[in-house]
Amino acid sequence: SASAQEGTAPRTKGGEYWDPVQGHNATVAWLQLGGPRIDASDDYGSVTGVGSGWVASGVPRENIFITSKINPYGYDQALQDFAQYLKDLQTEYVDLLLIHWPGTQPGTTPPPPPPCNAANGTWAACRLGTWKALEKIYNAGQARAIGVSNYEVNHLLEIMNLKSLIPSV
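Values in this document were obtained by computation on a predicted structure and should not be read as measured data. (Residues numbered from 1 in each chain as written. Predicted model: local features only at pLDDT ≥ 70, side-chain atom pairs only at ≥ 80, totals over all residues. Heavy atoms only, no water.)

A. Representation of the pairing of strand 2 (residues 65–70) within the structure. Burial of strand 2 is extensive: 5 of the 6 residues sit out of reach of the surface. Pairing analysis gives 4 bridges linking strand 2 to strand 3 (residues 96–99), with the strands arranged parallel. Bridging across to strand 3, K69 finds its partner in L98. Remark: the strand 2/helix 3 (residues 75–89)/strand 3 crossover connection has right-handed handedness. (Buried < 20%, exposed > 50% of the residue type's maximum accessible area, 1.4 Å probe, protein only. Helix = DSSP H or I, 4+ residues; strand = E, 2+ residues; numbered from the N terminus. Pairing = 2+ DSSP bridges. Right-handed = clockwise from strand over helix to strand, strands pointing away.)

Structure follows, in structure tokens:
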């Protein structure tokens, strides 16, 4: 039997990375086939295409579960990025909003610090600021659930120590 990979066209960017046209076409096709869930991230280049695609699909928004991701670049940047995501996704809310990655992983060389790092000094401060922004977004009803992606235990403990909302995912 053929695998799901056989016969597919090669991707120019690989994996889940799409340009807006690919994102649009894939979203329309997926939703019209009955696929109920969509994952969109600015890192994947898919937010704009997913937004135009779900609208063009004719599937009502309440029948679609949209996940989006925010980078751990601090409170203000997270709020700014999310406001743009809502515009690009052409929706008033997302079903699940995740912090995409913790910024650093134990035993790895950290990437260059984000802008929030200059003011607060650490990736931990950036992560916590981003989490507080997700809480605000959740409390405003713009995300039905919030969580994290690619986090290690030490990153989760930072959030748990806030004694506030805990990640749904």
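Still more to cover.
B. Looking closely at the sheet that holds strand 3. One open sheet accounts for 4 strands, arranged 1-2-3-4; its pairing is parallel. Across the chains shown, the open sheet's two edge strands, defined by having one partner strand only, are strand 1 (37–41) and strand 4 (146–148). Between one strand axis and the next, the sheet turns through 25 degrees on average, direction left out of account. Bridge analysis of strand 3 against strand 4 gives 3 bridges, and the strand direction is parallel. (Axes fitted to C-alpha atoms, helices over the stretch in contact; angles between N-to-C directions.)

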